[in-house]
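# Descriptive analysis of the structure
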Amino acid sequence: MQFLFDTLIDRRGSGALKTDALRERFPMYRNEDGKDDLLPMWVADMDFAMPDFILDAIRQRLEHPILGYTIEPEDYRPAIIDWVRSHHGWEIQPEWISYIPGVVKGIGTALNLFTKPGDSVAIMEPVYHIFRQVIEGNGRKVVGGKEGSPAVFLLSNPHNPIGICWSREWLQALAHYCYEHHILVISDEIHADLALFGHKHIPFASVSEEAAMNSITFMAPTKTFNMAGVISAYSIIPNPDIRERYYHWLDTNELSEPNIFAPIATIAAYRKGEAWRQQMIAYIEQNILFAEQYLAEHLPQVKVVRPEASFLVWLDCRALGLSHEALVDMFVNRARLALNDGEMFGKGGEGFMRMNVGCPRAVLQEALERIGKLGMRN
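Reference entry: report on the structure contained in this document. (Residues numbered from 1 in each chain as written. Predicted model: local features only at pLDDT ≥ 70, side-chain atom pairs only at ≥ 80, totals over all residues. Heavy atoms only, no water.)

## Brief notes about the packing of aromatic side chains
- Under the defined criterion, the tally for this structure stands at 16 aromatic pairs.
- Where Tyr-234 meets Tyr-270, the ring centres are 6.5 Å apart and the plane angle is 85°; that geometry is what we call edge-to-face. With a gap of 36 residues between them, Tyr-234 in strand β8 (residues 233-236) and Tyr-270 in helix α10 (residues 262-272) connect regions that are remote in the sequence. Here Tyr-234 matches Tyr-270 in class, with each residue buried.
- Among the aromatic residues, those joined into a cluster by ring pairs are Phe-5, Phe-48, Trp-83, Phe-225, Tyr-234, Tyr-270, Trp-276 and Tyr-283.
- Residue placement shows Arg-306 over the ring face of Phe-197; its charged tip is 4.8 Å from the ring centre.
- Over the ring of Tyr-283 we find Arg-361; its NZ or CZ atom is 4.5 Å from the centre of that ring. (Phe/Tyr/Trp six-rings, centres within 6.5 Å; stacked < 30°, edge-to-face > 60°. Helix = DSSP H or I, 4+ residues; strand = E, 2+ residues; numbered from the N terminus. Buried < 20%, exposed > 50% of the residue type's maximum accessible area, 1.4 Å probe, protein only. Lys NZ or Arg CZ within 6 Å of the ring centre and 35° of its normal.)

## Quick word on a negative patch on the surface
- Residues Asp-241, Glu-244, Asp-251, Glu-254 and Glu-257 make up a contiguous surface patch of negative charge.
- If you trace the backbone, Glu-244 turns up in helix α9 (residues 240-252). (Patch = residues over 30% accessible without salt bridge, like charges linked within 9 Å, V, L, I, M, F, W, Y side chains within 5 Å. Areas by Shrake-Rupley, 256 points an atom, 1.4 Å probe, with all protein chains shown as cover. Salt bridge = Lys/Arg side-chain N within 4 Å of Asp/Glu carboxyl O. Lys, Arg positive; Asp, Glu negative; His and termini not counted. Charge placed at Lys NZ, Arg CZ, Asp CG, Glu CD.)

## Concerning the nonpolar core
- Ile-54, Ile-92, Tyr-234, Met-280, Ile-284, Leu-315 and Phe-331 are the most contacted members of the largest nonpolar core, which totals 73 residues.
- A per-element tally of this core places helix α11 (residues 274-298) first, with nine residues.
- If sequence neighbours within four positions are ignored, Ile-54 has contacts with Phe-225, Met-227, Ala-265, Ala-268 and Ala-269.
- In terms of nonpolar packing, the next biggest core, distinct from the first, is built from 28 residues, Ile-123, Val-142, Ile-186 and Ala-220 among them. (Core = buried A, V, L, I, M, F, W, Y, C linked by side-chain atoms within 4.5 Å. Contact = heavy atoms within 4.5 Å.)

## Considerations on the packing of helix α5 (residues 103-114) against α9
- Where α5 meets α9, the closest approach of the two axes is 11 Å, and the angle between their N-to-C directions is 115°. Note that α5 runs across α9; the crossing there is right-handed. Here α5 contributes Gly-106, Thr-109, Ala-110, Leu-113 and Phe-114 to the contact with α9, which in turn contributes Ile-242, Arg-245, Tyr-246, Trp-249 and Leu-250.
- Split by residue class, the contact of α5 with α9 holds seven nonpolar, two polar and one charged. (Axes fitted to C-alpha atoms, helices over the stretch in contact; angles between N-to-C directions. Left-handed = near helix turned anticlockwise from the far one by under 90°. Nonpolar A, V, L, I, M, F, W, Y, C, P; charged D, E, K, R; others polar.)

## A word on the pairing of strand β13 (residues 352-356)
- Where burial is concerned, most of β13 is hidden: five out of the five residues are buried.
- The alternating pattern of β13 places Phe-352, Arg-354 and Asn-356 on one face and Met-353 and Met-355 on the opposite face, and all of these are buried.
- As defined by bridge partners, strand β12 (residues 340-341) adjoins β13 across two bridges and the pair is classed as antiparallel. Following the sheet pairing, Asp-341 is matched in β13 by Met-353. (Pairing = 2+ DSSP bridges.)

## As for the sheet that holds strand β3 (residues 120-123)
- Ordered by their spatial adjacency, seven strands build an open sheet running β2-β8-β7-β6-β5-β3-β4, and the pairing between neighbours is mixed. Edge positions in the sheet fall to β2 (97-100) and β4 (141-144), since each has one partner strand and no second. Strand-to-strand, the axes of this sheet are offset by a mean angle of 25°, without reference to chain direction.
- In terms of strand pairing, β2 meets β8 through four bridges, oriented antiparallel. Of the residues in β8, the one forming a bridge with Ile-97 is Ile-236.
- This element, helix α7 (residues 168-180), spans β5 (152-156) and β6 (184-188) of the sheet and lies at about 165° to β5.

Have a look at this one:
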């Protein structure tokens, strides 16, 4: 079956964060000519319709007139186990798995359980900006890499925003170092199913016994199948002591109990979604190649850092020689594009912008043409 990714869908007025929070999130947009034409290519969800087989599964459940308390569907954990095995070569056990109400919530919970206020948490900047927010917001300190004596290493795997699929050797070295120094690794693997151009995602906990016994992994179908609003994530914890501590807290506070639609959507995605996923990946790859070629021809000072995973593209704009404020002004006010600026991702992000290419080709072309026109003026 051939799926359609070129379909234009107007998300305005649907409550979508990407479109309906633009004025709040981009207050620097001057809109001097009165046109409300800021093109949203920032927040990390795609503009592709959720696959019909997932919507159909939800619709089928809605045919029953009572949405009461529910139990976990019998196929929920088997579907996760089979997907992780077939896509990532990692054999996990049913008891290792728990539903969590979102990856960031899972990270925050883990930080509160396994660290104390004032403890240090290591990250590798530039990195997903919410890492710093959840660390500092919970009264912990951010440190970089192997700096100091952190209690936790918070890993983005694959990396957001640069899109790196970490090698097995690198992950093994990290696992050994953290195990030897009693640093718990929390691995955010929400982009795991989005490896591109022949690259492969390797789950951190799968690379060695040291990794398995010293980690918490978070995964979800939400990025892959564009259903972030369903809130369907899960944790995987091989170590029984870490698992008991974490899952006891989740169970006590009823955070391990999913909303009624999360398991239904997860099962549908993992049982029926492979053809859709492969076609979506191919479309994203072509979008990235299109962006590379267009910018090379029309504004070669802006280079695409080709991602090894995800639909998020890291644009290297340093050759423009602009200050942070001037760079944001160029993209937001002059090109009228809502992009994430690199500085928000921390040290090393200066001079970069992050662009979401998980959209129909026509939308991407419009965005690139807006950028290209700036090159013609310059």
